[in-house]
Amino acid sequence: DSGAVIGVVRRGWHPVQNREAALLCEYICRDGEARFESAGSSRGGRVVWFVLRLRDSLDVAGDEIDSYVLVSNAHDGSQSVRACITPLRVTCANSLRIAERRGSGTLAVRHTPTAHHRLAEAERVLAFAASDLSKFRETAATLAGSPMTDREIEAFAEAMFPLSDDGGTGRSRAIEERSSVVSRALGEGLGLDRSRIRCTRWGALNALVEHLDHARRYRDDEQRFGAVMLRPAALKRRGRDYLVALN
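Computed from a prediction, not measured in an experiment: that's the story for all the values here.

A. Broad picture of the overall build of the chain. Regarding its fold elements, the chain presents 7 helices and 7 strands. Ordered by position from the N terminus, the helices and strands of the chain form the series α-β-β-β-β-β-β-β-α-α-α-α-α-α. Dimensions along the principal axes, computed over C-alpha positions, put the chain at roughly 55 × 40 × 25 Å. Out of the 247 residues belonging to the chain, those deemed buried represent 46%. The long-range fraction of contacts in the chain, counting pairs at least 24 apart against all pairs at least 6 apart in sequence, stands at 59%. In the structure as shown, the chain presents an accessible area of about 12800 Å², 48% of it carried by carbon and sulfur atoms.

What follows is the structure in structure tokens.
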């Protein structure tokens, strides 16, 4: 313990120790429905996280999708203990977790003082995961079955990265990001040249996600991890919503 101040919390706030969050993860994994994958901390120890890999994977148009539960615990009062479902495209490690509005897609985990409570909460997390992944599978299948023309892909990239009026670096970066997404969606992305994926809405979404997760510049690996796993870019949700609504 360095003794550093990591946050100012409101009256009545009670910390959840890392040991308690880890015990909950053990209960989630106890019947073989999931297994520990990794754990770590971010923001100088303010947020501690655990990644659990779920047993079953998904298939979307020949794309293998592994499913993970991310359990995060903040010690600075910024959030409660949370469980988020994170589908991961195996071919390129795209994180297809979408940050939903109004907190949907995230489960606030209850305090679990006893083994009985931990078991009940673990079952609630697994039920939440099953429901969330069922919705994801349905949306992904719809996108994979919807072809796009080259011009529609270009329009998608333009909508995601509008040009600024300043004529400076912001405009240049938007043009660069548009080009990155379009080229990936047209087959240059990892696994996006497959006949069932190339020039589909599923391919376009993964082109955007691949760009955001792997091509976009971040200050360091911790910032990248935060943007990919802990606080996914809102642009992923905008891209998904745009493609779902496309006529």
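B. Fine view of the pairing of strand 2 (residues 47–54). Most of strand 2 sits out of view: 7 of its 8 residues are buried. In the sheet, strand 1 (residues 34–42) pairs with strand 2 via 8 bridges, with the strands oriented antiparallel. Within the sheet, the bridge partner assigned to G40 lies in strand 2 and is W49. Turn length for the strand 1-strand 2 hairpin, with the two strands adjacent in sequence and antiparallel, is 4 residues, and the turn residue R43 shows positive phi of about 55°. Sheet analysis places strand 2 next to strand 4 (residues 63–74), joined by 7 bridges and oriented antiparallel. From the neighbouring strand, F50 faces strand 4, where its bridge partner is V71.

C. Structural context of the nonpolar core. The biggest cluster of nonpolar side chains holds 57 residues, and the ones touching the most others in it are V69, F156, W202 and L208. It is helix 2 (residues 115–144) that contributes the most residues to this core, 9 residues altogether. Once residues lying within four places of it in the same chain are set aside, the contact partners of W202 are V60, D63, I65, L96, F136, A140, L143, A144 and I197. Formed by 10 residues, the second largest nonpolar core is a distinct cluster that contains V47, Y68, L88 and V228.

D. Expanded view of the packing of aromatic side chains. Inspection of the entire model under this criterion finds 2 aromatic pairs. Plain terms: the ring middles of F156 and Y242 are 5.5 Å apart, the flat faces sit at 45° to each other, and that makes the pair tilted. Pair noted here: F156 is in helix 3 (residues 150–160) and Y242 is in helix 7 (residues 234–245), with a separation of 86 residues, a long-range link. Judged by its relative accessible area of 0%, F156 is buried.

E. Local environment of the environment of D31. Within the secondary structure layout, D31 lies in the loop between helix 1 (18–29) and strand 1. When the C-alpha atoms of D31 and R196 are compared, they prove to be 36 Å apart, with 165 residues separating the residues in sequence.

F. Main features of the pattern of salt bridges. Summed over the entire model, instances satisfying the criterion amount to 14 salt bridges. For E154, the salt bridge identified is with R151, shortest N-O distance 3.2 Å. Taken as a pair, E154 and R151 lie in helix 3 at a separation of 3 residues, close to a single helical turn. Taking relative accessible area as the criterion, R151 reaches 46% and is therefore assigned partly exposed. A salt bridge links R173 to E177; the nearest nitrogen and oxygen atoms lie 3.8 Å apart. Here R173 and its partner E177 are both found in helix 4 (residues 169–188), 4 residues apart, which amounts to about one turn of the helix. Connected through shared salt-bridge partners, E33, R55 and D56 make up one network.

G. Structural context of helix 2. The terminal C-alpha atoms of helix 2, which comprises 30 residues, lie 42 Å apart, in line with the 44 Å expected from a rise of 1.5 Å per residue. The complete set of buried residues in helix 2 reads R118, E121, A122, V125, F128, A129, L133, F136, A140, L143 and A144.

Conventions used here
Residues numbered from 1 in each chain as written. Predicted model: local features only at pLDDT ≥ 70, side-chain atom pairs only at ≥ 80, totals over all residues. Heavy atoms only, no water. Helix = DSSP H or I, 4+ residues; strand = E, 2+ residues; numbered from the N terminus. Buried < 20%, exposed > 50% of the residue type's maximum accessible area, 1.4 Å probe, protein only. Contact = heavy atoms within 4.5 Å. Areas by Shrake-Rupley, 256 points an atom, 1.4 Å probe, with all protein chains shown as cover. Pairing = 2+ DSSP bridges. Core = buried A, V, L, I, M, F, W, Y, C linked by side-chain atoms within 4.5 Å. Phe/Tyr/Trp six-rings, centres within 6.5 Å; stacked < 30°, edge-to-face > 60°. Salt bridge = Lys/Arg side-chain N within 4 Å of Asp/Glu carboxyl O. Expected span 1.5 Å × (residues − 1).

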